[in-house]
Amino acid sequence: MDSLFSEEELAAATSDPGARIEALRREIEHHTYLYYVQDAPEISDAAFDSLMRELIALEQAHPEFMDPSSPSQRVGGAVGDQFSAVRHEQRMYSLDNAMDFDELDAWMTRIQEYFGRFVPVVCELKIDGSSIALTYEGGRLVRAATRGDGTTGEDVTVNMRTVRDVPLRLRDEGLRGLVNPANAVELRGEVYMPKRSFEALNAAAEAEGKAGFANPRNAAAGSLRQKDAKITSMRDLSTFIYSVGDARALQAGTQWDLLQWLREAGFHVNPDVRLCTEPGEVRAFCEECLERRDALPYDIDGVVVKVNEFALQDDMGYTARAPRWAIAYKFPPEEKTTLLRDITVQVGRTGALTPVAELEPVTVAGSVVARATLHNEDEVRRKDVRIGDTVIVHKAGDVIPEIVGPVLSLRPEGATPWEMPATCPSCGSPVVRDEVEVVIRCESIDCPAQATERLKHWGSRNAMDIEGLGDEIVGRLVESGLVADVADFYHLTEFDLATLDMGRVKQDGEPVRLGEVMAKKLLASIQESKGRSFARVLFGLGMRHVGRTTAEAIVQGFPSMEALRAATEEQLANVDGVGGVIAKSVVAFLNTPDNIQVIDRLARHGVSMAAETTGDELPQTLAGLTFVLTGSLVQSGMTRTEAGDLLKARGAKVSGSVSKKTSYVIAGEAAGSKYDKAVSLGVPVLDEAAFLQIVETGEVPE
Ligand code: AMP
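First, a word on scope: everything that follows refers to the structure included in this document.

What counts, and where the lines are drawn
- Residues numbered from 1 in each chain as written.
- Predicted model: local features only at pLDDT ≥ 70, side-chain atom pairs only at ≥ 80, totals over all residues.
- Heavy atoms only, no water.
- Pairing = 2+ DSSP bridges.
- Helix = DSSP H or I, 4+ residues; strand = E, 2+ residues; numbered from the N terminus.
- Axes fitted to C-alpha atoms, helices over the stretch in contact; angles between N-to-C directions.
- Contact = heavy atoms within 4.5 Å.
- Salt bridge = Lys/Arg side-chain N within 4 Å of Asp/Glu carboxyl O.
- Buried < 20%, exposed > 50% of the residue type's maximum accessible area, 1.4 Å probe, protein only.
- Patch = residues over 30% accessible without salt bridge, like charges linked within 9 Å, V, L, I, M, F, W, Y side chains within 5 Å.
- Areas by Shrake-Rupley, 256 points an atom, 1.4 Å probe, with all protein chains shown as cover.
- Near = heavy atom within 4 Å.
- Polar contact = N/O pair within 3.5 Å; in protein donor to acceptor, adjacent residues only side chain to side chain.
- Nonpolar A, V, L, I, M, F, W, Y, C, P; charged D, E, K, R; others polar.
- Lys, Arg positive; Asp, Glu negative; His and termini not counted.
- Charge placed at Lys NZ, Arg CZ, Asp CG, Glu CD.
- Arc of directions from axis to C-beta.
- Parallel < 35°, antiparallel > 145°, perpendicular 65-115°, else oblique.
- Left-handed = near helix turned anticlockwise from the far one by under 90°.
- Phe/Tyr/Trp six-rings, centres within 6.5 Å; stacked < 30°, edge-to-face > 60°.
- Lys NZ or Arg CZ within 6 Å of the ring centre and 35° of its normal.
- Core = buried A, V, L, I, M, F, W, Y, C linked by side-chain atoms within 4.5 Å.

### Let's talk about the sheet that holds strand β7 (residues 184-192)
Point 1. Taking strand neighbours across the sheet as the criterion, the 4 strands line up as β5-β4-β7-β8 in an open arrangement whose pairing is antiparallel. With partners counted over all chains shown, the strands left at the sheet margins are β5 (140-146) and β8 (238-244), one partner each. For this sheet the average axis-to-axis angle between neighbouring strands, irrespective of direction, equals 30°.
Point 2. The strands that helix α8 (residues 216-224) touches are β4 (130-137), β5 and β7; relative to β7, the one it contacts most, it runs at about 130°.

### Observations regarding the pattern of salt bridges
Point 1. Going through the model one piece at a time under the given rule, you end up with 45 salt bridges.
Point 2. The partner of Arg217 in a salt bridge is Asp128, with the nearest N and O atoms 2.8 Å apart. With a gap of 89 residues between them, Arg217 in helix α8 and Asp128 in the loop between β3 (121-127) and β4 connect regions that are remote in the sequence. Side by side, Arg217 and Asp128 carry an identical accessibility label, which is buried.
Point 3. The partner of Glu552 in a salt bridge is Arg548, and the shortest N-O contact between them spans 3.0 Å. One end of the pair, Glu552, and the other, Arg548, are both in helix α19 (residues 548-557), 4 residues apart, so they sit about a helical turn from each other.
Point 4. What makes Glu552 partly exposed here is its relative accessible area of 35%.

### Some points on the sheet that holds strand β14 (residues 367-373)
Point 1. Read from one edge to the other, the open sheet built from 5 strands follows the order β14-β13-β12-β15-β16, with strand pairing classed as antiparallel. Each edge of the open sheet is held by one strand with a lone partner, namely β14 and β16 (402-406). Strand-to-strand, the axes of this sheet are offset by a mean angle of 40°, without reference to chain direction.
Point 2. Across 4 bridges, strand β15 (residues 390-395) lies against β16 in antiparallel orientation. By the bridge assignment, Val393 is partnered in β16 with Ile403.

### Topic: a nonpolar patch on the surface
Point 1. A surface patch of nonpolar side chains, amounting to about 230 Å² of accessible area, comprises Tyr675, Val679 and Val685.
Point 2. Here Val685 is to be found in strand β24 (residues 685-686).

### Here's the deal with unusual backbone geometry
Point 1. At His375, a residue that is not glycine, the phi angle is positive and equals roughly 65°.
Point 2. Within the element layout of this structure, His375 appears in the loop between β14 and α13 (377-383).
Point 3. Classification of His375 as partly exposed rests on a relative accessible area of 42%.
Point 4. The phi torsion at Ala670 lies on the positive side, around 55°, for a residue other than glycine.

### Remarks on the site of the ligand
Point 1. Near the ligand, the surroundings consist of 14 residues, among which Ser94, Glu124, Ser131, Arg147 and Glu190 are the closest.
Point 2. Take Glu124: an N or O atom from its side chain is 2.9 Å from a nitrogen atom of the ligand.
Point 3. Lys126 places a polar side-chain atom, nitrogen or oxygen, 3.2 Å from an oxygen atom of the ligand.
Point 4. Its free accessible area being 490 Å², the ligand has 86% of it covered by the protein chains.
Point 5. Broken down by secondary-structure element, the contributors of at least two residues to the shell around the ligand are β3 and β10 (300-307).
Point 6. It is β3 that provides the largest number of residues to the shell around the ligand, a total of 4 residues.
Point 7. Looking at the shell around the ligand residue by residue, the classes come out as 6 nonpolar, 2 polar and 6 charged.

### Brief notes about the pairing of strand β18 (residues 439-442)
Point 1. Going residue by residue along β18, you find Val439 and Arg441 tucked away on one face and Ile440 and Cys442 tucked away on the opposite face as well.
Point 2. Where strand β17 (residues 431-434) and β18 come together, 4 bridges link them in antiparallel fashion. Considered in β18, the bridge of Asp434 is made with Val439.
Point 3. Hairpin connection between β17 and β18: a loop of 4 residues separates the two successive antiparallel strands, and Val438 in this loop has a positive phi of roughly 50°.

### As for a negative patch on the surface
Point 1. A cluster of like negative charges, contributed by Asp100, Asp102, Glu103 and Asp105, occupies part of the molecular surface.
Point 2. Structurally, Asp100 can be placed in the loop between β2 (97-98) and α4 (101-115).
Point 3. Classification of Asp100 by relative accessible area gives partly exposed; the value is 35%.

### With respect to α8
Point 1. Among all positions in α8, only Pro216, Arg217, Ala219, Ala220, Ser223 and Leu224 are buried. In an axial view of α8, the angular spread of the buried residues amounts to 165°, which keeps them on one side of the axis.

### Re the packing of α4 against helix α11 (residues 279-292)
Point 1. Between α4 and α11, the shortest axis-to-axis distance is 11 Å and the interhelical angle comes to 150°. In terms of orientation, α4 and α11 fall into the roughly antiparallel class. Classified by chirality, the crossing of α11 by α4 is right-handed. For the pair formed by α4 and α11, the contact residues are Phe101, Leu104, Asp105 and Met108 on the first element and Pro279, Val282, Arg283, Cys286 and Glu287 on the second.
Point 2. Residue classes in the contact of α4 with α11 are distributed as 6 nonpolar, no polar and 3 charged.

### Some details on the packing of aromatic side chains
Point 1. Under the definition given, this model contains 12 aromatic pairs.
Point 2. Seen in terms of ring centroids, Tyr318 and Trp325 are 6.1 Å apart; in terms of plane orientation they differ by 80°. Their pairing is edge-to-face.
Point 3. Its relative accessible area of 39% is what places Tyr318 among the partly exposed residues.
Point 4. Ring centres 6.1 Å apart and planes at 80° place the aromatic pair Tyr329 and Phe331 in the edge-to-face group. The exposure classification of Tyr329 matches that of Phe331, with both residues buried.
Point 5. Arg171 extends its terminal NZ or CZ atom over the ring of Tyr33, reaching a point 4.0 Å from the ring centre.

### Regarding the nonpolar core
Within soluble globular proteins, side chains that are nonpolar generally end up buried alongside one another.
Point 1. Membership of the largest hydrophobic core comes to 55 residues, with the highest contact counts inside it found for Trp458, Phe489, Leu538, Leu572 and Leu602.
Point 2. Ranked by residues supplied to this core, first place goes to helix α22 (residues 580-590) with 6 residues.
Point 3. If sequence neighbours within four positions are ignored, Leu538 has contacts with Met543, Ala551, Ile554, Val555, Met561 and Leu564.
Point 4. Of all hydrophobic cores here, the second largest spans 37 residues; its members include Ala144, Val163, Phe267 and Val273.

### Some points on the pairing of strand β11 (residues 326-330)
Point 1. Of all the 5 residues making up β11, 5 are buried; the element is thus mostly covered by neighbouring parts of the structure.
Point 2. Of the strand pairs in this sheet, β10 and β11 are connected by 5 bridges, and their pairing is antiparallel. Among the inter-strand pairings, Val303 is bridged to a residue of β11, identified as Tyr329.

### As for the packing of helix α2 (residues 17-37) against helix α3 (residues 45-61)
Point 1. Running from amino to carboxyl end, α2 crosses α3 at an angle of 145°, the nearest separation of the two axes being 10 Å. Between α2 and α3 the crossing geometry is left-handed. Here Pro17, Arg20, Ile21, Leu24, Arg25, Glu27, Ile28, His31, Thr32 and Tyr35 of α2 come into contact with α3, specifically with Asp45, Phe48, Leu51, Met52, Glu54, Leu55, Leu58 and Glu59.
Point 2. Looking at the contact of α2 with α3 residue by residue, the classes come out as 10 nonpolar, 2 polar and 6 charged.

### Quick word on the side chain of Ser243
Point 1. Checked against the element boundaries, Ser243 lands in strand β8.
Point 2. Once residues lying within four places of it in the same chain are set aside, the contact partners of Ser243 are Glu186, Leu187, Arg188, Leu258 and Leu262.

### Regarding the side chain of Asp488
Point 1. Tracing the chain through its elements places Asp488 in the loop between α15 (471-479) and α16 (494-498).
Point 2. At 2.7 Å, the side chain of Asp488 and the backbone nitrogen of Ala484 are in polar contact.
Point 3. Here the side chain of Asp488 touches Arg601 through a polar contact of 2.5 Å, side chain to side chain.
Point 4. Residues within four places of Asp488 in sequence aside, it is in contact with Leu482, Val483 and Arg601.

Keep in mind these values describe shape, not function.
The following block contains the structure:
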């Protein structure tokens with residue numbers, strides 16, 4: 001192999017491979033940083049590859065030095081079947097929006113009045129990507145998690161390691177800025193895909209006849225959540241990091257200092273930031289960004305304005321949803337005109353007919369729009385859109401596209417007002433106007449479109465979450481007569497699925513079939529769905545008015561199907577979160593013989609018909625105890641986050657600092673100041689062996 005190194009260096013490598021490996025890692029980290037973060041490479045790609053080849057060769061020869069933080073580990077690997085759930089130590093909040101300058105000014109004025117002066121704020125670009133939380137312990141990346149619902153996200157560590165501008169180890173300057181480098185610190189930011197990479201990815205997908213992503217944000221989120229992280233590693237993902245979970249971990253006292261620290265620690269920090277000391281500067285910054293928006297290589301959807309000082313941020317605190325000390329100024333929505341080619345009618349799972357605008361595809365606010373719902377017949381009338389019209393399409397960031405109305409001067413001659421068909425486009429039954437809900441409905445119980453929608457709904461993410469049960473497969477299953485109701489999914493065999501005719505033919509004229517591999521996977525997902533919660537089952541059944549939240553509420557009052565079937569309308573309506581309309585719909589559904597027959601068959605297949613009695617949860621023997629972890633757990637090789645999770649699983653609280661309220665401190669090797677503090681406060685200290693015993697037995701040893 002070519003080498004950049006002298007004979008002596010190579011000799012040194014043989015005599016002290018550990019030192020050589022560390023030197024190579026540092027060198028590679030440095031060049032990765034220069035290339036991906038600073039955009040200022042100092043060595044050629046070939047020289048870089050050569051360093052990497054040597055590192056990989058040495059690591060293979062000396063597996064005892066293997067380290068997940070090594071730059072050689074950025075290649076990705078399998079994630080396993082599911083991303084595991086991660087509870088965020090500090091909640092990941094959303095942001096409140098200011099839709100125009102008046103709202104932004106109002107927000108600033110309130111703060112000014114409260115503090116009696118204009119408080120400096122930091123303006124940052126609002127990157128339109130996917131939020132990410134990166135946890136470092138002892139300066140090493142140990143976990144990456146998505147935001148999820150803000151409280152619990154998904155563990156995407158393996159995937160994030162492949163993103164080249166994420167430091168696997170913090171730079172030394174960064175470590176020096178931490179209050180305690182051994183402690184966990186969580187940094188937050190955004191993963192995004194540059195616009196050009198998004199376009200290239202979609203072009204490649206199209207060339208293979210596959211569906212692309214709707215916009216760069218979905219492409220980033222989708223690439224991140226690949227079960228095979230090798231795929232993630234091949235996608236061009238980048239990050240901008242801009243916040244910290246708990247600012248007390250840092251010496252920084254302001255957002256501006258935090259950004260500086262992030263740069264020093266090796267993170268990619270967006271260069272377009274401004275510290276504003278008077279209100280006019282904020283607006284000027286927003287206007288500049290709006291002007292430059294299209295020229296930026298990535299999507300932004302606004303400007304985030306944050307109170308600079310952490311102490312003032314603490315004073316202001318949070319609402320249930322968002323910090324009070326920050327606001328997102330959203331750019332005005334985009335509008336485009338395009339041709340309305342047709343208005344089609346979709347039949348939903350409850351039989352409601354929805355008119356849909358079929359448009360000449362057009363890019364609005366960063367994504368391609370080809371269809372838009374027109375909601376109902378009245379809406380089409382009110383807007384007076386007609387087939388052949390040039391229409392205005394409006395889209396604000398991630399909001400669903402909307403038809404504003406026609407450009408009347410461009411209306412072709414002879415365009416006639418649109419009318420809802422008198423019969424169902426799927427089954428041909430006459431349609432009925434539902435006066436209460438202002439919808440037109442197909443009431444036939446045999447309508448295939450409704451059946452297909454109900455079946456799709458059962459497998460959907462918030463219901464039974466059956467992976468692989470996409471629109472196409474459901475359509476084929478219905479068409480082939482294999483599935484007519486949701487219980488039929490559980491009768492399917494591998495043979496049924498493997499031989500399923502996909503309705504297309506290969507070049508040799510043979511029909512395309514689903515095949516054994518996909519069949520096995522799908523069957524496994526179907527089996528797995530039997531373990532979903534009773535609330536999901538209720539939601540999945542698709543009763544009218546029963547959304548996911550309502551289903552949860554029903555389960556609170558009636559935790560089993562048996563109890564629910566025995567409930568009267570009145571009893572149901574008394575449950576918190578369930579009103580008269582919902583109660584009526586549920587009782588009607590559960591008194592329909594066809595539905596009962598499906599429910600009984602589902603139950604016979606083992607689909608859950610009662611709320612879990614915390615079956616697989618560990619006994620909460622550590623409830624009421626607070627643990628603090630310090631030092632490294634060398635025997636088990638666990639990170640402190642992993643160790644903390646095991647304690648939490650048994651009901652314990654895990655805290656980052658020792659106080660009189662701490663029940664026990666668990667001290668691994670090289671424990672630091674927390675150990676001393678525990679001793680001085682008289683808090684009992686346990687070693688790793690004792691910790692392992694707790695995890696094993698659930699009891700704290702004497
Ligand atoms: P939203 O989801 O619209 O409520 O906006 C909140 C999200 O904006 C956060 O969760 C972040 O993921 C994202 N975001 C993008 N850029 C920034 C930034 N510079 N500061 C804070 N949040 C940002």
